[in-house]
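Structural features, examined
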Amino acid sequence: MSLNQIIFLILRRMRAPLLMVIISYAIALIGFVLIPGVDDHGRPYHLSFFDGFYILSYTATTIGFGEVPYPFTIHQRLWMTFSIYMTVISWFYAIGAILALFQESALKQALKTAIFQRDVRNLMEPFYLICGYGETGGELVRALDRNELRVVVLEIAPERINELEMTDYQFNIPHLCADAKLSEVLLFAGIKNPMCRGVAALTDDDHANLAISVAVKLIKPDLPVLSRVQDDVVAANMASFGTNRIINPYHIFGEHLAMRLNALGTYLLHEWLTRAPGDAIATPAAIPQGHWIACGYGRFGKSVVSSLQNENMQVTIIEADPEGTQCDDCIIGSGVEAHVLQQAGVEHAVGIVAGTDNDINNLSIVMTALELNPDLFVIIRKNKRHNDPLFQHFNADITMQPSDVIAHTCLAYMVSPMLAEFLTIARHKGNQWANAVIAQLVSKLGEQVPDTWDIAIEDEMAIAVCAMMEQGLQPALKHLMMSPAGQQRREMPVVPLMLVRGNQEMLLPELSTPLQIGDRILCCGLDQAKSVQRFIMHDVKTMHYLVTGTEMPETWIGRWLKQ
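Below or above, wherever it landed, is the structure these notes cover. Please read all numbers here as calculations on a predicted model, not as lab measurements.

**Section: the overall build of the protein chain**
When helices and strands are counted, the protein chain shows 24 helices and 20 strands. By its C-alpha atoms, the protein chain is 115 × 90 × 40 Å across when sized along the principal axes. When burial is assessed residue by residue, the protein chain has 49% of its 563 residues classed as buried. Expressed as a percentage of contacts within the protein chain between residues at least 6 apart in sequence, the contacts between residues at least 24 apart total 65%. Accessible surface, the protein chain as shown: approximately 28400 Å² in total, 56% of it carbon and sulfur. In the protein chain, 41 positive and 58 negative side-chain charges are present, and the distance between their average locations comes to 8 Å.

Here it is in structure tokens:
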């Protein structure tokens, strides 16, 4: 609903109060004009319409001013008294109607929707639409805001919208309390806006996420969609509609655990490139080989058990509901009892997985198990973010929280879409190749997590590069990795990870590679280098200096003389 429609709705609802005010004013005004008065010479006179409206204005608003232009007669005072009560009562009725109208939830929602639509239309920067502001959505919004990416939020729960409004972000975040499953709401949120770069369906309802994914793909098929899902059937349905990234946190954690077991270098490269810039990555402890105990055989437990069994490890499962989880070979119990853990062989086990959907039970399971075997390797599932202090104090070997995994995956795709493609290729290159890449990154960038970003050699994104090509010069990849500081060209702390040219993917391309229009490059480096690179790609003079080594004359005469 537009603002014009809202104004029309307000006027229609205020029709009776406004008519009452108008009629009461008209009656009082006619009386003031028709009832004769007496001037200072004792002659009769009649007020003009202007004088009558002037007197009525300060009378009806209870301001009071006096009897003008002459003292009133008894008849005029009687009419004044009647007019005061009549107009004040009509004003009270109108004001009460206005207050009642603006207290109605439907009108407040319509106003918020109209303001939301206006804010989205006014966004002149690329933005992502986040559907669902729960633990996952909130974490993702905070991370995107820190990375200076604009977002728009849809959330159906009012208390979560209140939480968003109370959170301090560096950018204004357009938000609306509405059901994102409705295609009309998605249109309000700007999925057809050319600045919209993608949609993340992160509600805690798989079917709602499916409805969002399907609606977006039907309305705007080329818009990227990232969707959270837990049910495999729903995931298959999403895939059939072309959802770009289907995120199952339990499958992703299982994949990462498998990488950590048999390809530690690949796992470290993944962590190195997807963590928050500036973080320090410690070498993870080796996962021991031997007998494991898994408490809970739900979605998380099945993923971890599968990863462990694929490495030929013996896993004993403890499950309280074998029929519900379809666990054929398990010990019945929750795992919090010592005798159940002893029955599973905890004294001789090398590790334990606490994977139930209850945080307190998971902590209890691990504490009981460590009392029986202090040398256990611990993998624990954390379900709720508000339990962070408990888990930080406990300090397990591996802590998994679904919302963190989902937000982390979405962030890697949104901040650098090419990064997800690079990591997929890297998994098939082998552990030795990943170790070599890490060594190159550490030697050039240091031991802290670097930033990653994409650049495209296009007219708007690389004006200076395109200008050099038009002048017959040939910029190379190395020129984008140089800094023009001082009187000499210096190499910046940047590593090109991948260059995509058409259907060709070049991993760790040579710096001498000549650039072409349409190239897309995945870079990895320090944040200040990212800023410098964006500058030189748009500054023709600086790019000319980097390519030729000579200063370009700033005036037309100077350029003519040089030619």
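**Looking at the sheet that holds strand 11 (residues 331–332)**
As summarised here, the arrangement of the six strands in space is 11-10-9-12-13-14, forming an open sheet in which the pairing is parallel. Two strands in the sheet have a free side with no partner beyond their single neighbour: strand 11 and strand 14 (398–400). When strand 9 (residues 291–295) meets strand 10 (residues 314–319), the two strands line up parallel, connected through five bridges. Paired with isoleucine 293 across the two strands is threonine 316, which belongs to strand 10.

**Brief notes about the pattern of salt bridges**
One pass over the full model with this rule turns up 13 salt bridges. One salt bridge connects arginine 77 with glutamate 67, and the closest N-O pair in it is separated by 2.9 Å. Separated by 10 residues along the polypeptide, arginine 77 in helix 4 (residues 74–103) and glutamate 67 in the loop between helix 3 (49–60) and helix 4 bring together distant segments of the chain. The shortest N-O distance in the salt bridge between glutamate 125 and arginine 150 comes to 3.1 Å. Placement of glutamate 125 in the loop between helix 5 (105–121) and strand 3 (127–131) and of arginine 150 in strand 4 (residues 150–155) is noted, with a sequence separation of 25 residues between them. On the accessibility criterion, glutamate 125 (35% relative accessible area) is partly exposed. Bridged by salt links that share partners, the residues Glu155, Arg160 and Asp204 form one connected network.

**Remarks on the nonpolar core**
One finds Ile130, Leu140, Trp292 and Ile379 to be the most contacted residues of the largest nonpolar core, which totals 45 residues. A total of seven residues in this core trace back to one element, the largest contributor, which is helix 18 (residues 402–415). Sequence-distant contacts of leucine 140, defined by excluding residues within four places in its chain, comprise Ile130, Ala200, Leu202, Ala407, Cys410, Leu411 and Met414.

**Quick look at the side chain of arginine 260**
Mapped onto the elements of the fold, arginine 260 is located in helix 11 (residues 249–262). The side chain of arginine 260 is buried and forms no salt bridge, while aspartate 397, the nearest opposite charge, is found at 6.7 Å.

**Some remarks on the packing of aromatic side chains**
Counted by the stated rule, this structure contains seven aromatic pairs. A centroid spacing of 5.0 Å and a plane angle of 40° characterise the contact between tryptophan 79 and phenylalanine 82, whose relative ring orientation is tilted. Of this pair, tryptophan 79 and phenylalanine 82 both sit in helix 4, separated by three residues, roughly a single helical turn. With relative accessibility at 40%, the residue phenylalanine 82 sits in the partly exposed group. An angle of 40° between the planes, with centres 5.3 Å apart, marks the rings of phenylalanine 253 and phenylalanine 300 as tilted. With phenylalanine 253 in helix 11 and phenylalanine 300 in helix 13 (residues 299–310), this pair connects stretches of sequence that are 47 residues apart.

**Describing the sheet that holds strand 5 (residues 175–177)**
Judged by pairing direction, the sheet is parallel, and its six strands sit side by side in the order 5-4-3-6-7-8 without closing on themselves. What marks the edges here is a single partner per strand, and that holds for strand 5 and strand 8 (245–247). When strand polarity is set aside, the average angle formed by the axes of neighbouring strands in this sheet is 15°. Direction of pairing for strand 6 (residues 196–201) relative to strand 7 (residues 225–228): parallel, over a ladder of three bridges. Paired with valine 199 across the two strands is valine 225, which belongs to strand 7. Together, strand 3, strand 4, strand 6 and strand 7 form the strand contacts of helix 6 (residues 135–146), whose direction differs from that of strand 3 by roughly 165°.

Scoring rules and cut-offs
- Along each chain, the written sequence defines residue order, and numbers are assigned to residues from 1.
- Selection of residues for local features in this predicted model requires a pLDDT of at least 70, selection of side-chain atom pairs for listing and counting requires 80 or more, and totals for whole chains, interfaces and linings are taken over all residues.
- Side-chain calculation: all heavy atoms of the structure are included, whereas hydrogens and water are not.
- Here a helix means four or more residues in a row that DSSP labels H or I, a strand means two or more in a row labelled E, and each is numbered from the N terminus.
- Any residue under 20% of the maximum accessible area for its type is buried, any over 50% is exposed, and the rest in between are partly exposed; the area is computed with a 1.4 Å probe on protein chains only.
- It only takes one pair of heavy atoms within 4.5 Å for two residues to be counted as in contact.
- With residues, only the protein chains shown are counted as cover, and all accessible areas are computed by Shrake-Rupley using a 1.4 Å probe.
- Charge assignment: positive for Lys and Arg, negative for Asp and Glu; neither His nor the chain ends contribute.
- Just so you know, the charge point we use is NZ for Lys, CZ for Arg, CG for Asp and CD for Glu.
- Here, strands pair whenever DSSP counts at least two bridges between them.
- We define a salt bridge as a side-chain nitrogen of Lys or Arg found within 4 Å of a carboxyl oxygen belonging to Asp or Glu.
- The set of buried Ala, Val, Leu, Ile, Met, Phe, Trp, Tyr and Cys residues whose side-chain atoms join them within 4.5 Å is what this entry labels a nonpolar core.
- A pair of aromatic rings is counted whenever rings of Phe, Tyr or Trp (Trp by its six-membered ring) have centres within 6.5 Å, and the orientation is called stacked for planes under 30 degrees apart, edge-to-face for over 60 and tilted otherwise.
- Every angle, taken between N-to-C directions, lies between 0 and 180 degrees, and every axis is a line fitted to C-alpha atoms, over only the stretch in contact when it is a helix.

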